[in-house]
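Below are the chains, spelled out letter by letter.
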Amino acid sequence: DAFASRAAIISLVADHGESLGEHHELTHGVYAYPSTQHVPWIVWGHGVKPEVVTKPVSAVNFAPTLLALAGLPPMPGTDGGAHPRAGAVPYAESYQMSDRFGLAPHRVVADGNLLLVATPQPELYDFVADPGATTNLADQRPDEVTRLRAVLDGLGARPPGTGGTDADADTLAALEALGYVSAPANTVDPATLPDPKTYAEFLRGALALDRPNRRADPAETLAKLDDLLALKPDAFELRRRKSTMLKRMGLKGDSDRFDLETAALFPSEPRVWGQLAVAAAMDADFAAALAHGEKALTLGSADDATREIVVDAMFRVGREADALERGSLWMSEDPRNYGLAAVMGRYWLTKREYAKAEQFLRVAVSGPNPRLGARVRLAALAIAAGARADGIKLLLEEVRDFPGSVQARRSLARVYAEDGDYLSQLEHQRFLARAQAGDPLAHLDLAQCQFNLADYAGARRTLDPALARWPDDADLVLLHANLLAKEGKREEGQSAWARAQSLNQARVDAARAAAPPPEAAAGTPAAPSPGANTVASPAPRSAP
């Protein structure tokens, strides 16, 4: 009603439908049957004549049609036409079966009421009479199969990664944030892959695993994966899932052996070597991570994660010059490789090159999925530069995305302690006491925070178990003395305070005995220490 008297155009379209179990697909993306490809397109408003268009229409006509209705020129270099009855032939494709399972992809073209699924054993459907695509007419109407295959071939559609121009960095970043960009698969001629219909039992089982089930028994899931891999041993995605499942079950040796078996099965597949590089990096075997990553790159991978791992491994094995050269080159080629930027920022932080570190870390945290710890390091630089609010904001964002980050929690706790905001500090100290149950400092800081909030009963509940575990910790004994004084036990407090001083003196003496000669001691930098994950001095301790 609001737009009835205005020259407005309102349009609604869907990007895809959902199978919801049709053809054993739970969601969308694997197949290209009408259940996921046939969507509504509604156009209303200025210059639109009421009618229903039943002829199949391609979504690439969407933008040209709206521009024409608005009286604007068409976009150059694009497909599609300015009317639902004109423009590109409706075409759809999904290469998920190729990438995930080594099966022929779905390539679909529509004309009139017919739809061709151009798999090795073709499928032809009358999607008006049979919208569920349940009756294959290919054997009954071979001439139509031939005609539509010629239409499909005339489109010149190529498999992903085999031509065209590269998208600009902003477009790639937007697609990545939406989950539509993944590691490029090894290019395979679809004509050489088996028809998915010959693996119907396998696909039913594989797609059933897509259903989220947090209560699934890992051993039962592993058994299902083994059964499916017995049907198709070269199903890359299922091999990757099995490797991950073995790791989750604590069977790292079995996982490593299985990964090497996968590499032998796919010697020219860069994703396999990239996966091996990731596994080695997680195990801190950086020499192996570097070797596997280099192999993936040699096989043609330009994957951001592989490049990140290679540069990181080079730094860690002492090849700094190579890491800097490679990292600088790849950052110039792809300024939005956020993970690589995090690696470069961390390196320059260890070198006390704070301006360079900040430059890379700002790139690292600008991406849709910042690496764990990148914001903590940037926060350290921000707070050291006096931008305290910016540093706290970065740390809060880190905790939001990584609730288990000890680095970020410790940094926030200490900043809040410095500011005297003990109530905000309390949440993080409680987390740290749980996450670092074996660290007396975590319990000390929680008890101190409770003490500073005048919650003496809470401080006592925290402190007593810690004292039982670490009775000779000078700081715990000192806080115990303070707490005794607050509890009105002055004499006991004085005795505990004297014992704390004695324990502290013993600690100082031991530290002096272990310290290097004065001439070998380095000065204290004014900026944050290299690679520091905390951003403030320890919480203040009370005196009796």
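In the block above lies the structure referred to throughout.
Residues numbered from 1 in each chain as written. Predicted model: local features only at pLDDT ≥ 70, side-chain atom pairs only at ≥ 80, totals over all residues. Heavy atoms only, no water.

Enquirer: Got a minute to help me understand the sheet that holds strand β3 (residues 91–94) in this structure?
Expert: Across a sheet, strands are paired by hydrogen bonds formed along the backbone, either parallel or antiparallel in direction. One open sheet accounts for 4 strands, arranged β3-β4-β5-β6; its pairing is antiparallel. With one partner strand each, in any of the chains shown, β3 and β6 (123–126) form the two edges of the open sheet. Sheet twist, expressed as the mean angle between neighbouring strand axes with direction ignored, is 15°. Here 4 bridges tie strand β5 (residues 114–117) to β6, and the two strands are oriented antiparallel to one another. Paired with L115 across the bridge in β6 is Y125. (Pairing = 2+ DSSP bridges. Helix = DSSP H or I, 4+ residues; strand = E, 2+ residues; numbered from the N terminus. Axes fitted to C-alpha atoms, helices over the stretch in contact; angles between N-to-C directions.)

Enquirer: Would you mind showing me how to read the pattern of salt bridges here?
Expert: Close approach of charged atoms lets side chains of opposite charge pair. A complete count under the given rule lists 34 salt bridges for this structure. The partner of E123 in a salt bridge is K197, and the shortest N-O contact between them spans 2.9 Å. Placement of E123 in strand β6 and of K197 in the loop between α5 (169–177) and α6 (200–208) is noted, with a sequence separation of 74 residues between them. For E123, a relative accessible area of 2% corresponds to the buried category. Judged by its relative accessible area of 33%, K197 is partly exposed. Put simply, R319 and D322 hold a salt bridge, and the shortest N to O gap is 3.0 Å. Judged by relative accessible area, R319 falls into the partly exposed class, the value being 32%. Each of D111, R141, E144 and R147 takes part in one network of salt bridges that share partners. (Salt bridge = Lys/Arg side-chain N within 4 Å of Asp/Glu carboxyl O. Buried < 20%, exposed > 50% of the residue type's maximum accessible area, 1.4 Å probe, protein only.)

Enquirer: Even after reading the chapter, I still don't get a nonpolar patch on the surface, so can you show me in this structure?
Expert: A cluster of nonpolar side chains, F3, I10 and W44, forms an exposed patch at the surface whose accessible area comes to about 300 Å². For W44, the location among the structural elements is in strand β2 (residues 41–45). (Patch = residues over 30% accessible without salt bridge, like charges linked within 9 Å, V, L, I, M, F, W, Y side chains within 5 Å. Areas by Shrake-Rupley, 256 points an atom, 1.4 Å probe, with all protein chains shown as cover.)

Enquirer: Explain helix α12 (residues 304–316) to me, please; I cannot follow it from the model alone.
Expert: Helix length check: α12 (13 residues) gives 18 Å between terminal C-alpha atoms against 18 Å at 1.5 Å per residue, within 8%. When you tally the buried positions in α12, you get 10 out of 13 residues, the bulk of the element. Of all the positions in α12, only T306, R307, E308, I309, V310, V311, D312, A313, M314 and F315 are classed as buried. In this fold, the buried residues of α12 make contact with α10 (270–282), α11 (286–298), α13 (320–333) and α14 (338–350). Just beyond α12, the residue with positive phi is G318, at close to 95°. (Expected span 1.5 Å × (residues − 1). Contact = heavy atoms within 4.5 Å.)

Enquirer: So what exactly am I meant to see when it comes to the packing of aromatic side chains here?
Expert: Given two aromatic rings, one states the distance between the centres and the angle between the planes to describe the pair. A complete count under the given rule lists 9 aromatic pairs for this structure. Relative to F202, the ring of Y199 has its centre 6.3 Å away and its plane inclined at 80°; by these criteria the two rings are edge-to-face. Take Y199: its relative accessible area is 25%, and that puts it in the partly exposed class. A centroid spacing of 5.4 Å and a plane angle of 65° characterise the contact between F451 and Y456, whose relative ring orientation is edge-to-face. With a relative accessible area of 26%, Y456 lands in the partly exposed category. In textbook terms, an aromatic cluster arises when at least three aromatic residues are bridged by ring pairs, as seen for Y31, Y33 and Y125. Over the ring of W273 we find K295; its NZ or CZ atom is 5.4 Å from the centre of that ring. The residue whose ring lies beneath R409 is F431, and the NZ or CZ to ring-centre distance is 4.4 Å. (Phe/Tyr/Trp six-rings, centres within 6.5 Å; stacked < 30°, edge-to-face > 60°. Lys NZ or Arg CZ within 6 Å of the ring centre and 35° of its normal.)

Enquirer: Which parts of the structure should I look at to understand unusual backbone geometry?
Expert: Only a minority of non-glycine residues have a phi that is not negative, and only a minority of peptide bonds are not trans. At A133, a residue that is not glycine, the phi angle is positive and equals roughly 55°. Here A133 shows up in the loop between β6 and α4 (142–155). The phi torsion at A454 lies on the positive side, around 65°, for a residue other than glycine. When you line up the elements, A454 lands in the loop between α20 (440–452) and α21 (456–469).

Enquirer: Would you take a moment to explain the packing of α13 against α14 for this structure?
Expert: When two helices pack together, their arrangement is given by the angle between the helix axes and by the axis-to-axis distance. The contact between α13 and α14 brings their axes to 10 Å, and the two run at 140°. Between α13 and α14, the angle falls in the class oblique. Of the two elements, α13 crosses α14, and the hand of that crossing is left-handed. Touching E320, L324, G327, S328, W330 and M331 of α13 are L340, A341, M344, Y347 and W348, all from α14. Broken down by class, the residue content of the contact of α13 with α14 amounts to 8 nonpolar, 2 polar and 1 charged. (Parallel < 35°, antiparallel > 145°, perpendicular 65-115°, else oblique. Left-handed = near helix turned anticlockwise from the far one by under 90°. Nonpolar A, V, L, I, M, F, W, Y, C, P; charged D, E, K, R; others polar.)

Enquirer: Just to check I follow, could you spell out the nonpolar core for this structure?
Expert: One broad rule of soluble globular proteins: the nonpolar side chains tend to lie buried together. The biggest cluster of nonpolar side chains holds 43 residues, and the ones touching the most others in it are V311, F315 and M344. In terms of residue count, the dominant contributor to this core is α14 (8 residues). Once you skip the residues sitting within four places of it in the chain, V311 turns out to touch A323, R326, G327, W330, L340, V343 and M344. One finds M97, A133, A206 and L246 within the second-largest nonpolar core, a separate group that totals 29 residues. (Core = buried A, V, L, I, M, F, W, Y, C linked by side-chain atoms within 4.5 Å.)

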